[in-house]
Amino acid sequence: LLKQELEKPEAKENGWLLDGFPRTGGQVKAMERMFIVPNKVIMLQVPDDVLLKRVLGRRMDPETGKIYHIEMNPVPDDDDKAAIEARLITREDDTEEKFSKRIAAFHENEAVILAAYPGARVLDGNRAPDDVSVDITAYLNA
C-alpha cells in the first residue's frame, strides 16, 4: 500500500511525508527492500508525561473529524460551543493503557530508527507548536 501511494504522480511531484512511520527496524528494512528511502527524517522528542497528557486530553468531533484538546486546543467560544462539546468523544486508543504500550514500543525501537537514518534531525517537540513548526520548515527547506 505504501509503495502504491508513493508511486502516485502527486507524491512524485510534491514529495511525501510519513507521520510516525517507520516504527520498527522491520519496517525500515521493508522500506529499503522497496527502495523507499526518505531524504530527510525528523524525530520529535517530548517527555512521556507530556505525551500522556496530550493523549488523555484529546477529543474528537465525530461530525467534523476535528480534533480538540480540553486544555491546549479547546472548542472556541462561539454560538456552537455547547453543541460541539456535547458531541465530543475520546478516541478508543486514547487511554493510558494503550498509550503505555505504544510509548514502550517507541522506546524499544527509537535507537534502531535513528541508526537507520543517521542524518535524522532530532528536535525538541515540547515547545509551542509554532516554534516547532519553524524548526521543521527550516530543516525541510535546507
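Preceding this paragraph is the structure being described.
What comes next is a walk through the structure.

Definitions and cut-offs
- Residues numbered from 1 in each chain as written.
- Predicted model: local features only at pLDDT ≥ 70, side-chain atom pairs only at ≥ 80, totals over all residues.
- Heavy atoms only, no water.
- Salt bridge = Lys/Arg side-chain N within 4 Å of Asp/Glu carboxyl O.
- Helix = DSSP H or I, 4+ residues; strand = E, 2+ residues; numbered from the N terminus.
- Buried < 20%, exposed > 50% of the residue type's maximum accessible area, 1.4 Å probe, protein only.
- Polar contact = N/O pair within 3.5 Å; in protein donor to acceptor, adjacent residues only side chain to side chain.
- Contact = heavy atoms within 4.5 Å.
- Core = buried A, V, L, I, M, F, W, Y, C linked by side-chain atoms within 4.5 Å.

### Regarding the pattern of salt bridges
Inference 1: Under the defined criterion, the tally for this structure stands at 12 salt bridges.
Inference 2: A salt bridge links Lys101 to Glu97; the shortest N-O distance between them is 3.7 Å. A residue pair is termed a helical-turn pair when its members lie 3 or 4 positions apart in one helix, as Lys101 and Glu97 do in helix H6 (residues 96-116) at 4 residues. One exposure class covers both Lys101 and Glu97, and it is exposed.
Inference 3: Residues participating in the shared-partner salt-bridge network are Arg58, Arg91, Asp93, Asp94 and Arg102.

### Overview of the side chain of Asp94
Inference 1: By the secondary structure assignment, Asp94 is in the loop between helix H5 (81-87) and H6.
Inference 2: When its relative accessible area of 3% is taken as the criterion, Asp94 is described as buried.
Inference 3: At 2.7 Å, the side chain of Asp94 forms a polar contact with the side chain of Arg58.
Inference 4: Other than its neighbours up to four places away in sequence, Asp94 contacts Val55, Leu56, Arg58 and Arg102.

### A word on the nonpolar core
Inference 1: The biggest cluster of nonpolar side chains holds 9 residues, and these are Leu6, Val28, Met31, Ile36, Val41, Met43, Ile113, Tyr117 and Ala120.
Inference 2: With near-sequence residues (within four places) excluded, Val28 lies in contact with Pro22, Ile113, Ala116 and Tyr117.

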